[in-house]
Amino acid sequence: MWNSSNYGNDLNITKALAESGSHSGACDGDIAELRTLPQIRRQLAKLEPENLRRELSEYGAWDEQELADHEANLLRWLWISCGDIIDQN
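Residues numbered from 1 in each chain as written. Predicted model: local features only at pLDDT ≥ 70, side-chain atom pairs only at ≥ 80, totals over all residues. Heavy atoms only, no water.

Moving on, we come to the overall build of the protein. When helices and strands are tallied, the protein shows six helices and two strands. Secondary structure elements of the protein occur, N-terminal to C-terminal, as β-β-α-α-α-α-α-α. For 89 residues, the compact-globule formula gives about 12 Å, and the C-alpha radius of gyration of the protein, at 12 Å, lands near that figure. For the protein, the C-alpha atoms occupy an extent of roughly 30 × 25 × 25 Å along the three principal directions. Taken over 89 residues, the protein has a buried fraction of 37%. (Helix = DSSP H or I, 4+ residues; strand = E, 2+ residues; numbered from the N terminus. Rg over C-alpha atoms; globule rule 2.2 N^0.38 Å. Buried < 20%, exposed > 50% of the residue type's maximum accessible area, 1.4 Å probe, protein only.)

Attention shifts here to the packing of aromatic side chains. Under the defined criterion, the tally for this structure stands at one aromatic pair. With a centroid separation of 6.4 Å and 70 degrees between ring planes, the pair formed by Tyr 59 and Trp 62 is classed as edge-to-face. (Phe/Tyr/Trp six-rings, centres within 6.5 Å; stacked < 30°, edge-to-face > 60°.)

Moving on, we come to the confidence of the model for the protein. It should be kept in mind that the predicted coordinates are not to be read in detail where pLDDT is low. On average, residues of the protein carry a pLDDT of 92, and 94% of them reach 70 or more. Within the protein, helix α5 (residues 64-67) carries the highest mean pLDDT (97), whereas strand β1 (residues 2-4) carries the lowest (66). (pLDDT = per-residue confidence, 0-100.)

The subject of this paragraph is the side chain of Asn 9. Mapped onto the elements of the fold, Asn 9 is located in the loop between β1 and β2 (10-12). The exposure class assigned to Asn 9 is buried, which follows from its relative accessible area of 1%. A polar side-chain atom of Asn 9 sits 2.6 Å from a polar atom in the side chain of Glu 55. (Polar contact = N/O pair within 3.5 Å; in protein donor to acceptor, adjacent residues only side chain to side chain.)

Take the packing of helix α2 (residues 28-35) against helix α6 (residues 70-88) next. Remark: α2 packs on α6, axes separated minimally by 10 Å, with the N-to-C direction vectors making an angle of 105 degrees. Between α2 and α6, the interaxial angle falls into the category roughly perpendicular. Facing α2, whose interface residues are Ile 31, Ala 32, Leu 34 and Arg 35, α6 presents Glu 71, Leu 74, Leu 75, Leu 78, Trp 79 and Cys 82. For the contact of α2 with α6, a count of residues per class yields eight nonpolar, no polar and two charged. (Axes fitted to C-alpha atoms, helices over the stretch in contact; angles between N-to-C directions. Parallel < 35°, antiparallel > 145°, perpendicular 65-115°, else oblique. Contact = heavy atoms within 4.5 Å. Nonpolar A, V, L, I, M, F, W, Y, C, P; charged D, E, K, R; others polar.)

Time to look at α2. Looking only at α2, the buried set comprises Ile 31, Leu 34 and Arg 35. On an axial view of α2, the arc spanned by its buried residues comes to 105 degrees, and they lie on one face. Seen from the open side of α2, the exposed residues pointing more than 90 degrees away from its buried face are Gly 29 and Glu 33. Those residues of α2 hidden inside the fold are in contact with α1 (15-21), α3 (38-45) and α6. (Arc of directions from axis to C-beta.)

As structure tokens, this is what we get:
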């Protein structure tokens with residue numbers, strides 16, 4: 001299943017993986033685990049830091065200092081993308 005943004009940030013994962021990263025309760029540990037999967041690592045490695053920062057800034061949830069951390073942005077974006085995939089399907 002695909003999640004695609006206006007900034008060219010794309011993610012293709014199964015619905016089961018998306019569900020493991022988006023559920024009630026804390027998702028931090030599950031997102032960190034998803035981040036280690038080779039198929040996800042490869043996709044995240046292709047994301048441009050500036051495009052990711054711009055996309056996340058639109059949510060208004062993080063300040064510029066927080067958005068300067070690319071590794072944290074990857075986790076944020078993966079969590080959001082899992083939720084978007086679940087919501088779309």
